[in-house]
Amino acid sequence: MKLVTRSQWGARAYRKPNGATPYGRSRRGVKVHYLGAAYSDRTHDKCAAYVRSLQASHMDGNGWSDIGYSFVVCTHGYVYEGRGLKRRNSANGNTTLNDENYAVCALVGSSGLTEPTDPQLDGVRDAIEHCREQGPAGDWLGGHRDGYATTCPGGPLYTWVKKGAPRPKEDTVTEAQMDEIANKVVDRLLSKDAFDAPPDAADYKPTGPQSTWSGRTVFRDLVVRVRRISADTAAIRKKLGA
Ligand SMILES: [Zn+2]
Ligand SMILES: [Zn+2]
């Protein structure tokens, strides 16, 4: 997991005592969120500043004691530590819901960038597994909207969450597919008119004369020549021996 700690993203100190409130129960699982506002993708060097602005809006706008989420995941798959594993989040809607599940937010908007990127899905998956293994959290998984009236985390993320938050498909090539590709490459090379005709092509029977020479005809020609040389050598040996 590409974890970005609070000190690495330049988090402000959280307010005490509320920001330090620990979980009152073991976590059932993880709720996934999105921003629910316009978001435009940006280069990764701008992500930490965005997370700082998110924290500022939660602390100064909402009056919360810290950024609301347990973790935040940028489109490049980095996982920013929010309230982390031990301190209760404030993003799930009310104290009971906050106590029940971790809150992981993907930097995806309700307009602008509305589809999570593949690295981001990997990052959210990383955060979910981190919560389960280190939290600890149970294997319940859902969106903010589960049990609370909101459209969060938006259609694309919610669909993915309901599928169990699978990692994006990796491009795996099987041995059989590799053989097929290799055969096609060789076939294509051999069928291209990629070699010059031998200077004495016209003298050659039965392969010549050829008007055009592909890799295949050159190869066939070589085989014919080698066989002819073998036959000649055998004949000479026989004569010398006789
Ligand atoms: Zn939400
Ligand atoms: Zn980023």
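The text that follows walks through the structure, step by step, so that each part is easy to find. (Residues numbered from 1 in each chain as written. Chains lettered and ligands numbered in written order. Predicted model: local features only at pLDDT ≥ 70, side-chain atom pairs only at ≥ 80, totals over all residues. Heavy atoms only, no water.)

One pass over the full model with this rule turns up two aromatic pairs. Ring centres of Tyr23 and Tyr102 lie 5.2 Å apart, and the angle between their planes is 80°; on these two criteria the pair is classed as edge-to-face. Taken together, the positions of Tyr23 in the loop between helix 1 (6-9) and strand 2 (27-33) and Tyr102 in strand 6 (residues 101-106) put the pair 79 residues apart, joining distant regions of the chain. With a relative accessible area of 0%, Tyr102 lands in the buried category. Geometrically, the ring pair formed by Tyr39 and Tyr50 is edge-to-face, given 4.9 Å between the ring centres and 75° between the ring planes. (Phe/Tyr/Trp six-rings, centres within 6.5 Å; stacked < 30°, edge-to-face > 60°. Helix = DSSP H or I, 4+ residues; strand = E, 2+ residues; numbered from the N terminus. Buried < 20%, exposed > 50% of the residue type's maximum accessible area, 1.4 Å probe, protein only.)

Turning our eyes to something else, we now look at helix 5 (residues 155-162). Along helix 5, the residues that are buried comprise Leu157, Tyr158, Trp160 and Val161. The arc enclosing the buried residues of helix 5, seen along the axis, measures out at 160°, which places them on a common side. Gly164 sits one or two positions beyond helix 5 and adopts a positive phi of about 95°. (Arc of directions from axis to C-beta.)

Those protein atoms acting as donors to the zinc ion (ligand 1) are His33 (ND1), His144 (ND1) and Cys152 (SG), and they sit at 2.1 to 2.3 Å. As a motif over one chain, the donors of the zinc ion (ligand 1) read H-x110-H-x7-C. Here His144 and Cys152 have matching classes, each one buried. (Donors = N, O, S within 2.8 Å, 3.2 Å for Na, K, Ca; no water.)

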